Structures are given as C-alpha cells and as structure tokens.
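Residue-level structural notes
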Amino acid sequence: MSDNIVQMDHIQKSYDGVANILEDVSFTVNRGEFIVIRGASGSGKSTLLNVLGLLDAFDSGYYKLNDFSIESDKFNRYSDLRSKLLGFVFQSYHLIDSLSITDNILLPFIYSDEYITSEIIERMNMILESFDLIESKDKKTALLSGGEKQRVAIARAIIKSPPLVIADEPTGNLDNENTDVVIGYLKNLTKKSTSVIMVTHDTGLLKYSDRNYLLYEGRLV
Ligand SMILES: Nc1ncnc2c1ncn2[C@@H]1O[C@H](COP(=O)(O)OP(=O)(O)OP(=O)(O)O)[C@@H](O)[C@H]1O
Ligand SMILES: [Mg+2]
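Residues numbered from 1 in each chain as written. Chains lettered and ligands numbered in written order. Predicted model: local features only at pLDDT ≥ 70, side-chain atom pairs only at ≥ 80, totals over all residues. Heavy atoms only, no water.

Quick notes on the overall build of the chain
Filter applied, for reference: In this text, helices come from DSSP runs of H or I with a minimum length of four residues, and strands from runs of E with a minimum of two, each type numbered from the N-terminal end. Here the radius of gyration uses the C-alpha set of atoms, whereas the globule reference equals 2.2 Å times the residue count to the power 0.38. Burial status follows relative accessibility: with a 1.4 Å probe on protein chains alone, a residue under 20% of its type maximum counts as buried, one over 50% as exposed, and anything between as partly exposed. Throughout, a contact is declared for two residues whenever any of their heavy atoms are within 4.5 Å. Surface exposure here means Shrake-Rupley accessible area, sampled with a 1.4 Å probe, where a residue is shielded only by the protein chains that are shown. Asp and Glu are treated as the negative residues and Lys and Arg as the positive ones, with His and the ends of the chain left uncounted. Taken as the charge centre is NZ of Lys, CZ of Arg, CG of Asp or CD of Glu, depending on the residue.
Secondary structure assignment for the chain yields 7 helices and 10 strands. Computed over its C-alpha atoms, the radius of gyration of the chain comes to 17 Å, within 12% of the 17 Å expected for a compact globule of 221 residues. Structurally, the chain occupies a C-alpha span of about 50 × 40 × 35 Å along its principal axes. Of all 221 residues assigned to the chain, the portion counted as buried reaches 49%. Of the contacts made within the chain by residues no fewer than 6 positions apart, 73% connect residues no fewer than 24 positions apart. Working note: accessible area of the chain is about 10,600 Å², and carbon and sulfur atoms make up 49% of it. Here the chain contributes 23 positively and 31 negatively charged side chains, and the mean placements of these two sets differ by 1 Å.

Brief notes about the site of ligand 1
Stated precisely, the cut-off is as follows: The cutoff for a nearby residue is simple: one of its non-hydrogen atoms must lie within 4 Å of the molecule or strand. Polar contacts, as counted here, are pairs of nitrogen or oxygen atoms within 3.5 Å of one another; within protein the pair requires one atom able to donate a hydrogen and one able to accept it, and residues that are adjacent in sequence qualify only if both atoms are side-chain atoms. Following the grouping adopted for this structure description, the nonpolar residues are Ala, Val, Leu, Ile, Met, Phe, Trp, Tyr, Cys and Pro, the charged ones are Asp, Glu, Lys and Arg, and the polar ones are all others, Gly among them.
Every residue close to ligand 1 is listed here: Tyr15, Ile21, Ala40, Ser41, Gly42, Ser43, Gly44, Lys45, Ser46, Thr47 and His201. One nitrogen or oxygen atom from the side chain of Lys45 is found 2.7 Å from an oxygen atom belonging to ligand 1. The fraction of the free accessible surface of ligand 1 (640 Å²) that becomes covered by protein chains is 53%. Broken down by element, the residue count for the shell around ligand 1 peaks at 3 residues, all from helix α1 (residues 45–52). The class makeup of the residues in the shell around ligand 1 is 3 nonpolar, 7 polar and 1 charged.

What to know about helix α6 (residues 146–158)
Residue pairs three or four apart in sequence face the same way in an α-helix, which turns once every 3.6 residues. For the record, the criterion: Working rule for helices: expected span equals 1.5 Å times residues minus one.
With 13 residues, α6 extends 19 Å from end C-alpha to end C-alpha; this agrees with the ideal 18 Å at 1.5 Å per step. With 11 of 13 residues buried, α6 is to be regarded as a mostly interior element. Gly147, Lys149, Gln150, Arg151, Val152, Ala153, Ile154, Ala155, Arg156, Ala157 and Ile158 are the residues of α6 that are buried.

Considering helix α7 (residues 176–191)
Formally: The arc refers to the directions leading from the helix axis to the C-beta atoms.
Between its first and last C-alpha, α7 extends 23 Å over 16 residues, near the 22 Å set by a 1.5 Å rise per residue. Listed in full, the buried residues belonging to α7 are Thr179, Val182, Ile183, Tyr185, Leu186, Leu189 and Thr190. Buried residues along α7 cover an arc of 155° about the axis, so they all sit on one side. Facing away from the buried side of α7, by more than 90 degrees, are the exposed residues Glu177 and Lys191. At its buried positions, α7 is contacted by β3 (34–38), α5 (118–130), α6, β7 (164–168) and β8 (195–199). A positive phi of about 65° marks Ser193, the residue just after α7.

Concerning the sheet that holds strand β6 (residues 86–90)
As a reminder of what qualifies: Strands are labelled as partners when DSSP assigns at least two bridges between them. Every axis corresponds to a line fitted to the C-alpha atoms, with the helix fit spanning only the stretch in contact, and the corresponding angles, defined between N-to-C directions, vary from 0 to 180 degrees.
Taken together, 6 strands build an open sheet; the order of strands is β6-β7-β8-β3-β9-β10 and the sheet is mixed. Sheet topology places β6 and β10 (219–220) at the edges, where each strand pairs with a single neighbour. As paired strands, β3 and strand β9 (residues 211–216) are joined by 4 bridges and run parallel to one another. Across the sheet, residue Arg38 finds its bridge partner in β9, namely Leu214. Helix-sheet contacts for α1 involve β3, β6, β7, β8, β9 and β10, and the interaxial angle to β7 is about 155°. α7 rests against β3, β7 and β8 of the sheet, and its axis sits at about 145° to β8.

What about unusual backbone geometry?
Here Asp67, not a glycine, exhibits a phi torsion of approximately 70°, which is positive. Within the element layout of this structure, Asp67 appears in the loop between β4 (60–65) and β5 (68–69). Accessibility expressed as a relative area gives 37% for Asp67, which makes it partly exposed. In the Ramachandran plot, His94 falls in the positive-phi region, its phi being about 55° despite a non-glycine side chain. Tracing the backbone through its elements, the reader meets His94 in the loop between β6 and α3 (101–105).

Some thoughts on the pairing of β7
Quick note on the threshold: Orienting the strands away from the viewer, one traces the path from the first strand over the helix to the second; a clockwise path indicates a right-handed crossover.
The buried count for β7 comes to 5 of 5 residues, which makes it a mostly enclosed element. Of the two faces of β7, the one carrying Leu164, Ile166 and Asp168 and the one carrying Val165 and Ala167 are both buried. The pairing of β6 with β7 spans 5 bridges and is classified as parallel. In the strand pairing of β7, Val89 is matched with Ala167. As paired strands, β7 and β8 are joined by 5 bridges and run parallel to one another. Following the sheet pairing, Val165 is matched in β8 by Val196. The parallel pair β7 and β8, bridged by α7, forms a crossover whose chirality is right-handed.

Next up, the structure:
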C-alpha cells in the first residue's frame, strides 16, 4: 500500500468537449492528510470532486485511487470502489429528513445491499457517542439544526471507514460555532489516517489544512 491515497497527473475534463473546466490538474494526497481546495465560483471545484469521487468521468490524464488505476470510460462501473473507498459530505447534507439519525447513518448499507451486523451497530454507536448525537439518535433529521445535520452526514460518510472523505463546502450553511465543531470532527478523522479533501470558500479554514490549493484556470496552484 503506497503512502498516497490519491495521485492525479494531468487530468483534463470538459463538459462540452470544447472548453476544459479542468485543464491540467496534478496532485497527490497522502494518507491522513487534510487538503483544502479553494477557488472562485465556477472554477471547477465540484467538477474536480466529482472526478475524484468517481461520480463523473474525465477526458484524459492519470488517476490512481488507493493503488487502483481509474479508467475514465469505466467510471460508471465503480460503484463498489466508491462504496468501499469514499465518503461524501455536501453543503446541503443530503439526508432523508423523514428518517431517524441512525437510519440515515445506515443508508450506505441499505443502498449496497450489505448486512448490518452487530459490529456495525457498535461502530455506529461509538460514532454517535463521539459526535454527541447519542441522546437524539432516534430523532428524525428534519428536527435537527444545521450543525447537527452535518454531523449526521459526516457520521454516514465514515460508517464504512473509508480511507478518503470528500467534502464539498461542508460548512457553507453553518454559523461560526458549528463550523468549528464540524471541522473539528473532520480534522479528527485524519488522526486515524483517513484523508480528507475539502472544498471551501472560507479562508479562515485554511489553518486546519495540512496543504491547500487554489483551483485557478483549470489548475491547482
Ligand atoms: N453537468 C454539467 N454540464 C455542463 N456544465 C457544467 C456541469 N456542471 C458544471 N458545469 C460548468 O462547469 C463549470 C464549473 O462548475 P463547478 O460546479 O465545478 O464549479 P465550482 O467551482 O464548484 O463553483 P461553486 O463555487 O459555485 O460551487 C461552471 O461553468 C459550470 O457551469
Ligand atoms: Mg461547487
């Protein structure tokens, strides 16, 4: 197993085949690193995260994820890889508000048709405890504050212990206090050698990163 979880070399992507949104993206992410990516609105940050997260294809270049070479034309066959290696956190939480906290956290197992074992329930309870959600675990997420919702979303992202968590503006809807709490939990993941790639507009969050990049004219600088 190599030290890096992500290696990208000269990744190019366009949506229309004409103008490249990603022009030449090259970078690596080591295990346990907290990487922050900034960039103007429309610069391609979500596009890059979608490619990293095997949610969208790229046109050319080389992408290795956890020692596995990703072939862009096969990206829609990578659902197993996605479910084992990646956790996603989004600005708008993407929870099912009519379900309880625990049912939301267990969704990845339901989607992938995997059994929910007693070990998984134990792990979930440990996460709920450390995220200060154990008391409200049976509440529907509709009733939660933004900060609580994002904690549930992070819990769901890490329930399968993925080596990489991808977060697109996870604090975009949160006040300062909840931002600090959520970043604290993301930062803690990296101590257990999970890598985190986070996109944010908030330059105040750069101090938490091990390395940060600006996405500018289709390149990470
Ligand atoms: N599915 C798509 N089809 C065509 N064009 C797209 C698609 N998704 C994004 N784009 C275009 O690609 C460019 C980059 O979009 P992207 O969402 O990656 O930017 P972003 O940096 O995440 O912006 P923001 O900070 O506003 O979230 C934009 O010009 C956008 O309009
Ligand atoms: Mg975006």
